[in-house]
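# Architecture and fold: a report
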Amino acid sequence: MRINKKLLIYIVLIIPFIKPQIINFIDTLNKINYVLKAIAAIYILKLYISKILIAQKKCSKFLICIIIYNLLLIISTIINKGNIVQCIGVSFGNIIIVMLTEVMIFDDIKIMFKTYIFVLDLYFGINTIGLILFPGGLYNGINFLGIDNRFIFYYLPLLCFRFCYSYMEFNKIRIIDYIIYIICLCTLIYTWSVSAMIGLMLYMILFVSIGRIKGIEKIFNLTTYSVSMLITNYLIVIQKIQYNFKGFLENILHKDATFTQRTLIWEKVLTCIKKNIIIGNGYEYENVTIQKINGANHAHNNILMILYRGGILLFLTYIAMIGLVIKKMKKYRDKKIAKVISFTILISFIMTIFDTFDFALYFVIFQLGYYIEKIVVASKSKLLKEGEK
């Protein structure tokens, strides 16, 4: 991939906000990353003001929703006297990366995809080589992208960006995309990250159905995925229907019906949620959370974690964000790129039943759905130009 000046600038700006997990365990690198993040954030704010607020004379509803979401989290943390510094850092990072993505979308959608693909390809490559050469981990047993159940935080966005870019530029998924997909899947099988492994396997359904089964999007779309996500969470977390499939879980997936003690954690979290149902418990210090929820540092369920940290107010903001994306996607749900985005969100929904998706790129995937019209228009322009040749 040839790097031009604009692409290089965006790569440099985005790297501090998508740091590999290993940096968290190396204090010096972590401090350097904080400094780089602060410098990049100032430049990104300047870009956003000039290219969006002044040039476009508006702020997107999606960004407003993200700002409200993170402000509620900060307010809850202040009220509950939690880890305010870390909360502000995480929240500000989420807002800034959404701002930068919006700038790139309005500037050049192609460059936006290339920026994310370059960085995530780089991380994917280093992590894969590291697993081969240092199977015990690069640093104190930690891999480049962290422990094995964190790999999906990078793999899922990478595959989504790659598939969308390929459909936009070539109207098909390329061989290189399939190769990277297979390596990602093999890595998860090797480390036996079950929920992430099953999530990526679901992409096979997309490969088989996309462009072949007409009208499938009338049933399988972001609306049905979102409703199914809420129902499934209720059935598994509250009703515990997984105990009806105990044999399959234990004999095939080698997982117990408690999902490695997750059900015990969920019970503790639900008790805490009921005590602070409106505004939640905020972003707590890790030792406080561990004490309260059965020795875990998070809820191992995204919806529960949202309710735990921000109560009903934060949860309703999260639902509002999804609602904005559903509204935008509805008109274009028959497009291949829209199917990739909505299916990636479905995969993330499935995995968030068993884990907390507390990372900025999770919001960026939704942001792609919010700007689906611009991506589809860019895709059509590319095809029209090729048709004229």
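Everything below is about the structure shown above.
For the structure given in this document, a descriptive report is provided here. (Residues numbered from 1 in each chain as written. Predicted model: local features only at pLDDT ≥ 70, side-chain atom pairs only at ≥ 80, totals over all residues. Heavy atoms only, no water.)

## Some points on the nonpolar core
Counting residues in each nonpolar core, the largest one holds 131 residues, and the members touching the most others are Ile97, Phe113, Tyr116, Leu200, Tyr203 and Phe349. At 14 residues, the largest contribution of residues to this core is made by helix H6 (residues 152-170). When sequence neighbours within four positions are dropped, the list of residues in contact with Tyr116 reads Ile14, Ile18, Ile97, Thr101, Met104, Phe161, Leu361 and Val364. (Core = buried A, V, L, I, M, F, W, Y, C linked by side-chain atoms within 4.5 Å. Buried < 20%, exposed > 50% of the residue type's maximum accessible area, 1.4 Å probe, protein only. Helix = DSSP H or I, 4+ residues; strand = E, 2+ residues; numbered from the N terminus. Contact = heavy atoms within 4.5 Å.)

## A look at a nonpolar patch on the surface
Residues Phe25, Ile129, Ile132, Leu133, Phe134, Leu138 and Tyr139 make up a contiguous nonpolar surface patch of about 710 Å² in total accessible area. Structurally, Leu133 can be placed in helix H5 (residues 109-133). Taking the relative accessible area as the measure of exposure, Leu133 reaches 57% and is therefore exposed. (Patch = residues over 30% accessible without salt bridge, like charges linked within 9 Å, V, L, I, M, F, W, Y side chains within 5 Å. Areas by Shrake-Rupley, 256 points an atom, 1.4 Å probe, with all protein chains shown as cover. Salt bridge = Lys/Arg side-chain N within 4 Å of Asp/Glu carboxyl O.)

## Focus: H6
Compared with an ideal rise of 1.5 Å per residue, which puts 19 residues at 27 Å, H6 spans 26 Å between its outermost C-alpha atoms and is within 8% of the ideal. Counting buried residues along H6, 18 of its 19 residues qualify, which places the element largely inside the surrounding structure. Backbone geometry just downstream of H6 places Asn171 in the positive-phi region, at approximately 60 degrees. (Expected span 1.5 Å × (residues − 1).)

## Description of unusual backbone geometry
Its identity as a non-glycine residue notwithstanding, Lys57 has a phi of 60 degrees, on the positive side. When you line up the elements, Lys57 lands in the loop between helix H2 (27-54) and helix H3 (61-79).

## Looking at the environment of Val119
Within the fold, Val119 resides in helix H5. Owing to a relative accessible area of 0%, Val119 belongs among the buried residues under this scheme. A sequence separation of 28 residues divides Val119 from Ser91, and the C-alpha atoms of the two residues are 22 Å apart. Leaving out residues up to four positions away in the same chain, Val119 has contacts with Ile11, Ile14 and Ile15.

## Description of the side chain of Asp355
Of note, Asp355 is situated in the loop between helix H15 (336-352) and helix H16 (360-370). For Asp355, a relative accessible area of 6% corresponds to the buried category. One polar contact links Asp355 to Arg150, side chain to side chain, over a distance of 2.9 Å. Excluding residues that lie within four positions of it along the chain, Asp355 makes contacts with Asn149, Arg150, His298, His300, Asn301 and Asn302. (Polar contact = N/O pair within 3.5 Å; in protein donor to acceptor, adjacent residues only side chain to side chain.)

## Here's the deal with the pattern of salt bridges
What the rule picks out here adds up to 9 salt bridges. The shortest N-O distance in the salt bridge between Asp121 and Arg162 comes to 2.6 Å. Taken as a pair, Asp121 in helix H5 and Arg162 in helix H6 lie far apart in primary sequence, 41 residues in all. The class of Arg162 is buried, set by a relative accessible area of 7%. Here Lys292 ties to Glu284 by a salt bridge, and the two come within 2.6 Å at their closest N and O atoms. A relative accessible area of 29% places Lys292 in the partly exposed class.

## Remarks on the environment of Phe144
Within the secondary structure, Phe144 is located in the loop between H5 and H6. Along the chain, Phe144 and Ile372 lie 228 residues apart, while their C-alpha atoms are 32 Å from each other. Every residue in contact with Phe144, bar those within four places of it in the chain, is listed here: Pro20, Gln21, Ile22, Tyr123, Ile126, Asn127 and Leu138.

## What to know about helix H12 (residues 262-275)
Compared with an ideal rise of 1.5 Å per residue, which puts 14 residues at 20 Å, H12 spans 20 Å between its outermost C-alpha atoms and is within 8% of the ideal. The set of residues buried in H12 consists of Arg262, Thr263, Ile265, Trp266, Val269, Cys272 and Ile273. Among the structural elements, helix H10 (222-238), helix H13 (286-292) and helix H14 (302-330) are those in contact with the buried residues of H12.

## Details of the packing of H10 against H15
Where H10 contacts H15, the two axes come as close as 9 Å, and the packing angle between them is 5 degrees. Looking at the two axes, H10 sits roughly parallel to H15. When H10 is examined against H15, the residues Leu222, Tyr225, Ser226 and Met229 are found in contact with a partner set consisting of Ser342, Phe343, Ile345, Leu346 and Phe349. Along the lines of polarity and charge, the residues of the contact of H10 with H15 split into 7 nonpolar, 2 polar and no charged. (Axes fitted to C-alpha atoms, helices over the stretch in contact; angles between N-to-C directions. Parallel < 35°, antiparallel > 145°, perpendicular 65-115°, else oblique. Nonpolar A, V, L, I, M, F, W, Y, C, P; charged D, E, K, R; others polar.)

## Considering the state of the cysteines
Tallied over the entire structure, the rule returns 0 disulfides. The cysteine Cys186 is free of any disulfide, with Cys184 supplying the nearest cysteine sulfur at 9.5 Å. For Cys186, a relative accessible area of 44% puts it in the partly exposed group. (Disulfide = S-S within 2.5 Å.)

## As for the packing of H12 against H14
Relative orientation and spacing of two packed helices are given, respectively, by the angle between their axes and the distance between those axes. Packing of H12 against H14 brings their axes to within 9 Å, and their N-to-C directions diverge by 30 degrees. Relative to H14, the crossing made by H12 is left-handed. Judged by residue contacts, Trp266, Val269, Leu270, Cys272 and Ile273 of H12 engage Leu304, Leu307 and Tyr308 from H14. In terms of residue class, the contact of H12 with H14 is built from 8 nonpolar, no polar and no charged. (Left-handed = near helix turned anticlockwise from the far one by under 90°.)

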